[in-house]
Amino acid sequence: MECFICQAKSTKLDPTGDHQRLACPECGEYKISNTALDLMKKNKLRFNVDIARDWLRRHQGSGEIPLINDIIAGNLV
Ligand SMILES: [Zn+2]
């Protein structure tokens, strides 16, 4: 599937909750809540690739997969 942030071909992973989880070769592994995806779609928003990747980088490597919820998504467009 396509990365929600940069549209690169990514691997869909099994979600552990009400979100999508994927591994993008460029952005890394992350989760995005279905609420955030609905919000993006409804408002025809697109992630700012640089800002979103910067946020992900700061939250990856802690052992937990970063989750982009609807509030965070609003800050990454
Ligand atoms: Zn990506």
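Quick note: structure is the one above.
Reference entry: report on the structure contained in this document. Fair warning: this is a prediction, and the values are worked out from it, not measured in the lab. (Residues numbered from 1 in each chain as written. Predicted model: local features only at pLDDT ≥ 70, side-chain atom pairs only at ≥ 80, totals over all residues.)

## Looking at the overall build of the protein
Note the threshold: Helix numbers and strand numbers start at the N terminus; a helix is a DSSP run of H or I with at least 4 residues, a strand a run of E with at least 2. Counting other C-beta atoms within 10 Å of a residue's own tells you its class, since 20 or more makes it buried, 12 or fewer makes it exposed, and anything in between is partly exposed; those C-beta atoms are placed from the backbone.
Each helix and strand counted, the protein has 3 helices and 4 strands in total. Starting at the N terminus, the α and β elements of the protein follow one another as β-β-β-α-α-β-α. Based on the C-alpha atoms only, the size of the protein along its principal axes is roughly 30 × 25 × 25 Å. Looking at the protein as a whole, 26% of its 77 residues qualify as buried.

## Here we look at helix H2 (residues 49-59)
Condition: Taken from the helix axis, the directions to the C-beta atoms give the arc we talk about.
Turning to H2, its buried residues number three or more, namely Ala-52, Arg-53 and Trp-55. Axial view of H2: buried residues confined to an arc of 160 degrees, hence all on one face. Facing away from the buried surface of H2 by more than 90 degrees, the exposed residues are Asp-50, Asp-54, Arg-57 and Arg-58.

## So, the environment of Leu-67
To keep it simple, the criterion reads: Residue pairs are scored as contacts if the distance between their C-beta atoms, which are placed from the backbone, is within 7 Å.
Among the structural elements, Leu-67 can be located in strand E4 (residues 67-68). A tally of 16 C-beta atoms within 10 Å means that Leu-67 is categorised as partly exposed. Spatially, the C-alpha atoms of Leu-67 and Ile-32 are 5.4 Å apart, while their sequence positions differ by 35 residues. Apart from residues no more than four positions distant in its own chain, Leu-67 is found in contact with His-19, Lys-31 and Ser-33.

## With respect to the sheet that holds E4
As a reminder of what qualifies: Pairing between strands requires that DSSP locate at least two bridges from one strand to the other.
Strand order across the open sheet formed by 4 strands is E1-E2-E3-E4, with mixed pairing between neighbours. The open sheet has two edge strands with one neighbour each: strand E1 (11-13) and E4. Inspection of the sheet shows strand E2 (residues 19-24) paired to strand E3 (residues 28-33) by 6 bridges, in the antiparallel sense. Counterpart to His-19 in the pairing with E3 is Ser-33.

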